[in-house]
Amino acid sequence: MTKVARFIDLEGRAYNANGIISIKKEEALNEAIMLQVDLERTKENDRYFDNISYYWSFEFNGKVYKITAIYDGVKGETYDRSFDMIHESMDDLRSHFVDAEVNNTRSFSQIMDIIFKGSGYTWRQVSGSFANLDFENWGMDQATNLIDNVQGRWGFEYEIDDVAREVVFRDKVGTNANYRLRYKLNLLSLDREIDAIDFKTHGIAYGNEGKPRVEYTSPLAEKYKLRTGGYRSMGFTDNRFRHADSLYNLLKKRVDSTLRLALTVKLINLQRAGYSKFVPRVGDYILLYDPRLNIDLDVRIVKIITEYNKNLEEINTDVQLSNFSTVDEVQKAQERALNDIQGVFEGAKSLPNTAMSRATQQAVRDVQNTQTEVKFGEGINGMQLIDKDNPNYVVQLTSKGILLSENALESAVTAITGRGIIAEAILAGTITQAGLRSITIGNGYITSYYDKRPTIGFGQWAIDFYNMDGSTSAQFYPNQMVGHDNTKGTSITVETDSFYSVNYNYFADSSSPFFPVYITSMQMGYTTVAGAPKSQAAETRLNLIANAGMIGDHKLYGSRDTDQAAISLVKSRTANYVDLYFGGYTNRDNSYLTFYHNASETTVSPVMRMYKDAVRSYVTHYFAGLTGRIEPYGNGMSLLYGDGNQKLEIRMVGDRIQFFTRGQLKFTIPDDVDTIFDALNNR
């Protein structure tokens, strides 16, 4: 097929790209596709050669790139031109400014909605599960910078579908290619580069305002100590982090990646090995064995560099394989993976996502290595594929579906029809039900969506609730009290910009308002507790009881509801009551009700205390520099007025009133109005 390349100016006029010297294309994991095009002046391109400018477009192999840099070099009487280009999709996103700032906890979908709003691009999450993160002063930047920022925290990978203008997020991109490269068999050349210039074995990291503080020491630390005996250390502060776990994971990743091992092979060698049957992509995995370098491991394609000649023919392709801390570390990881798989079979472990790729790989090998007998014709409904080694293994294909059986079609292990899939077991990285109302199941999470906005998420010890706009509302999760590890329970955490309520649907109509019996809002600054909603004529009450085990029909402790402290708010047909209960008929008779005043940051002062047969007032009133108070006295009460020497004291005892000054009785007033007036006149 003839390949075509052309330039397109800012007005949309196209020019065939004559005079190309060479083209170099570079594709890297989670990065833009870059082109470098070298061009010489010819008779065919002379009319536009000098006019080529930045942000002209270059169309090549069905993709469009934007010129971002130009280099001109003198050559005889003229000059050659060299252009650096970036794929237009990445240029679009690099030029999209996110005019928003985030200062709270957000989910993956909420952050992506913010990034892509108004960009002209949509996004889709195919696999992976990403926990909510705290953000502070995040945003107000180009979309690509923000994607890179959160990628370092969530660890996702992504691809861009430039036709659909969609960014697709996965936990890992690429596939398992199922090819093994072996020295002297199909591996002809291999280059290895080890970079230890920034090698570190220890790190310290600080989060928001110095908290949390985390520390990580590599397993290689003791082996590669400094001459002074210390570790090869690094450190950083990242104010985006408030939780130790996520900060520790980032620190570990940075420390472990400081020792780099890069492996590079020629793609032409891979093609000779049969790899040309499957077009390689960045992110693909292959198997590599070379005893000369003690390498026997799975490696991943992280970069592809392809060179083209003046005829636009591919002449060379270099493939850079995964970076590892050490080869030994990778081999140990493989051994751990085998132990994990055995644990899955024994029921001791759940299946990790990494096992998914291995299972798929094994399934491909099983199918390819099978010798099959094919039957169709009379007596056969459709077509049957029968395993020659074990005829119980049968696959039947008809116009209505596919059956897979392990007992000669006595029953089906798996059936695929137009109505759906029936299977005893389905192994998948992520299961997605698309549509306006959709759901994803993957990596231990079940998430429900409405128009791409999450509504509720379940998994990993929590249920996440979301507002109508997709922002996080609350989380329901198991918890334990700080400092009391054995005191376990369940908590609901509400975001600061959300409220929490418990409601009655009083009118049993979804269009009618709900009536909250409990509602709390940090943003509005109030918490309200109410009794059940009733009509104005009906009686309703709100009770606050000290011990639930002493009320109701099934009492655990005590035999009366009133043998405890309680508050009751009552609305009847004709009145509103507030009842406060204290004391008790058993061993709590010597109780009291006290009103306190917050006197300072650490102290309170009693204002009034009520006993079962007396009231003591602690209120101090000031008048002309003197003070007064009321308190019980014997079988009566005493009113004291004056300074510390008690200048005046009035005692009300029985039916008489006694007046004292400085502790001495001056006179007594009988409980008779005439006598009182006579006593006052005589005085």
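Above this text you will find the structure in question.
Residues numbered from 1 in each chain as written. Predicted model: local features only at pLDDT ≥ 70, side-chain atom pairs only at ≥ 80, totals over all residues. Heavy atoms only, no water.

Participant: Please give an account of the nonpolar core that cites residues and values.
Facilitator: Formed by 27 residues in total, the largest nonpolar core has its most connected members in Met112, Ile115, Phe116, Trp138, Trp154, Phe156 and Phe169. Mapped onto this core, the elements with two or more residues apiece are helix H2 (88-94), strand S8 (97-102), helix H3 (108-116), helix H4 (143-154) and strand S14 (166-170). No other element matches H3, which puts 6 residues into this core. Among all residues touching Ile115, those that are not within four sequence positions of it are His96, Val98, Trp138, Ala143, Leu146 and Ile147. Membership of the second largest hydrophobic core comes to 22 residues, among which are Leu39, Tyr65, Tyr308 and Leu312. (Core = buried A, V, L, I, M, F, W, Y, C linked by side-chain atoms within 4.5 Å. Buried < 20%, exposed > 50% of the residue type's maximum accessible area, 1.4 Å probe, protein only. Helix = DSSP H or I, 4+ residues; strand = E, 2+ residues; numbered from the N terminus. Contact = heavy atoms within 4.5 Å.)

Participant: Could you give me a rundown of H4, with the residues and numbers involved?
Facilitator: The first and last C-alpha atoms of H4 sit 16 Å apart over 12 residues, in line with the 16 Å expected at 1.5 Å per residue. Within H4, burial applies to Ala143, Thr144, Leu146, Ile147, Val150, Gln151, Arg153 and Trp154. Two residues or fewer past H4, Gly155 is found with a positive phi of approximately 75°. (Expected span 1.5 Å × (residues − 1).)

Participant: Go over empty space enclosed by the protein with me, naming the residues and quoting the values.
Facilitator: If you walk through the whole model with that rule in mind, you get 2 cavities of 30 Å³ or more. For the largest cavity, the calculated volume is near 270 Å³. Where the lining of the largest cavity is concerned, the elements lending two or more residues are H3, strand S31 (437-442), strand S32 (445-450), strand S33 (453-459) and strand S34 (462-466). If one sorts the elements of the lining of the largest cavity by residue count, S32 sits on top with 4 residues. (1 Å grid on protein atoms, 1.4 Å probe; cavity = no way out; pocket = protein on both sides within 12 Å on 5 of 7 lines; lining within 4 Å. Points joined across faces, edges and corners; volume = space filled by probe spheres on them.)

Participant: Give a description of the sheet that holds strand S10 (residues 122-125) that names residues and reports values.
Facilitator: Spatially, the 3 strands line up as an open sheet ordered S10-S14-S13, and their pairing is mixed. At either margin of the open sheet sits one strand with a lone partner, and together these are S10 and strand S13 (157-161). The mean inter-strand angle of the sheet, taken between neighbouring strand axes irrespective of direction, is 20°. Relative to S14, S10 runs parallel, the two sharing 4 bridges. Each residue of the ladder has a partner; that of Trp123, found in S14, is Val167. Of the strands in this sheet, S10 and S14 touch H3, which is tilted by about 160° from S10. (Pairing = 2+ DSSP bridges. Axes fitted to C-alpha atoms, helices over the stretch in contact; angles between N-to-C directions.)

Participant: Just give me the short version of unusual backbone geometry, but keep the residues and values in it.
Facilitator: The residue after Lys211, namely Pro212, is reached through a cis peptide bond having omega 0°. We note that Arg165 has phi near 50°; this positive angle belongs to a residue other than glycine. Relative to the assigned elements, Arg165 resides in the loop between S13 and S14. Judged by its relative accessible area of 45%, Arg165 falls in the partly exposed class.

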